[in-house]
Amino acid sequence: MSLVIRPAQPADLGLVAALVRELAEYEKLAHEVEATEGDLETALFGANPRVFCDIAEWRGEPAGFALWFYNFSTFLGRHGLYLEDLFVRPAFRGEGIGKALLAHLARRCVEEGLGRLEWWVLDWNEPAIGFYKRQGARMMDEWTVCRVTGDALTKLAEAAP
Ligand SMILES: CC(C)(COP(=O)(O)OP(=O)(O)OC[C@H]1O[C@@H](n2cnc3c(N)ncnc32)[C@H](O)[C@@H]1OP(=O)(O)O)[C@@H](O)C(=O)NCCC(=O)NCCS
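Every chain begins its residue count from 1, and numbering advances along the sequence as written. Under the rules for a predicted model, residues below a pLDDT of 70 receive no local features and side-chain atom pairs below 80 are neither given nor counted, while totals for whole chains, interfaces and linings still include all residues. Hydrogens are left out, water is left out, and the side-chain values use all remaining heavy atoms of the structure.

**Concerning the packing of aromatic side chains**
Geometry of aromatic contacts follows a simple scheme: Phe, Tyr and Trp rings, the Trp one being its six-membered ring, pair when their centres are within 6.5 Å, and the pair is stacked under 30 degrees between planes, edge-to-face over 60, tilted otherwise. A complete count under the given rule lists 8 aromatic pairs for this structure. Ring centres of F131 and Y132 lie 5.4 Å apart, and the angle between their planes is 55 degrees; this geometry places the pair in the tilted category. Grouping aromatic residues by their ring pairs yields a cluster made of F52, W68 and Y70. One cation-aromatic arrangement involves K28 over W124; the distance from NZ or CZ to the ring centre is 4.7 Å. The rule for a charge over a ring is simple: NZ of Lys or CZ of Arg within 6 Å of the ring centre, and within 35 degrees of the ring normal. Here R93 stacks its cationic end above the ring of Y26, 5.6 Å away from the centre of that ring.

In structure tokens:
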């Protein structure tokens, strides 16, 4: 078979780190990548991992990956699956690999009774938005992402009673 999707193993750490960088470069966010292979090793393969990674291989070559974790909806009263990273290397695009990675996660949702499969996408990333719509995704335009980091996070933490 041309395509195999398999869980990442510790031996894949260099590959996963490289794929994270390649995605960040595509998203023009390479300057924001701080994660080391050690960080990824702890997160993916330490005790009780809370984040998971699937690797796509095309004819034996590493072609792409999906990195994900479980979230939870109080409205549904059920866990869901949050897709943190989805990336297919340029040479392997258009072969159905991105769709297969997403479908693999959708199948996990169905099998595990998860309520939602969701993720963010940058608003300028029209090719990915087109691809996601084609897979049946609805754009949640009425929601805005919030984030607290760095000094703002420290300041907020200092306000804790
Ligand atoms: C987005 C991405 C994951 C898609 O993976 P891919 O392997 O190239 O896509 P596939 O070959 O699986 O495409 C599957 C289907 O989507 C369709 N599709 C792909 N790109 C599309 C687009 N821009 N608009 C509409 N449909 C699109 C294909 O025609 C195909 O349709 P089909 O099911 O009818 O055959 C890949 O292009 C990628 O890694 N891009 C750069 C990184 C990125 O943007 N990641 C997402 C960050 S949120």
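**Some remarks on the UniProt feature "domain: N-acetyltransferase" (unreviewed entry) in the protein chain**
UniProt positions are given in the numbering used here, feature names are shortened, and annotations may be inferred rather than shown by experiment. Sequence positions flagged by UniProt for "domain: N-acetyltransferase" (unreviewed entry) are, in local numbering, residues 3-158. For residues 3-158, the helix share is 37%, the strand share is 24%, and the end-to-end C-alpha distance is 50 Å. Per the convention used, a helix needs a DSSP run of H or I reaching at least four residues, while a strand needs a run of E reaching at least two, with both numbered from the N terminus.

**Brief notes about the packing of helix 1 (residues 13-26) against helix 2 (residues 37-45)**
Helix 2 packs onto helix 1 with a crossing angle of 110 degrees between their chain directions and a minimal axis gap of 10 Å. Between helix 1 and helix 2, the crossing angle belongs to the class labelled roughly perpendicular. For the pair helix 1 and helix 2, the sense of crossing is right-handed. Contacts between helix 1 and helix 2 pair L13, G14, V16 and A17 from the former with E37, L40, E41, L44 and F45 from the latter. Each residue is assigned to one class: nonpolar for Ala, Val, Leu, Ile, Met, Phe, Trp, Tyr, Cys and Pro, charged for Asp, Glu, Lys and Arg, and polar for all the others, Gly among them. Looking at the contact of helix 1 with helix 2 residue by residue, the class counts come to 6 nonpolar, 1 polar and 2 charged. Here an axis means a line fitted to C-alpha atoms, over the contact stretch when the element is a helix, while the angle between two N-to-C directions is reported on a 0 to 180 degree scale. Angular relationships are summarised with four words: roughly parallel below 35 degrees, roughly antiparallel beyond 145, roughly perpendicular across 65 to 115, and oblique for the angles in between. Crossings are assigned a handedness: left-handed for a near helix turned anticlockwise from the far helix by less than a right angle, right-handed for a clockwise turn. The contact rule is simple, with two residues in contact once any of their heavy atoms fall within 4.5 Å.

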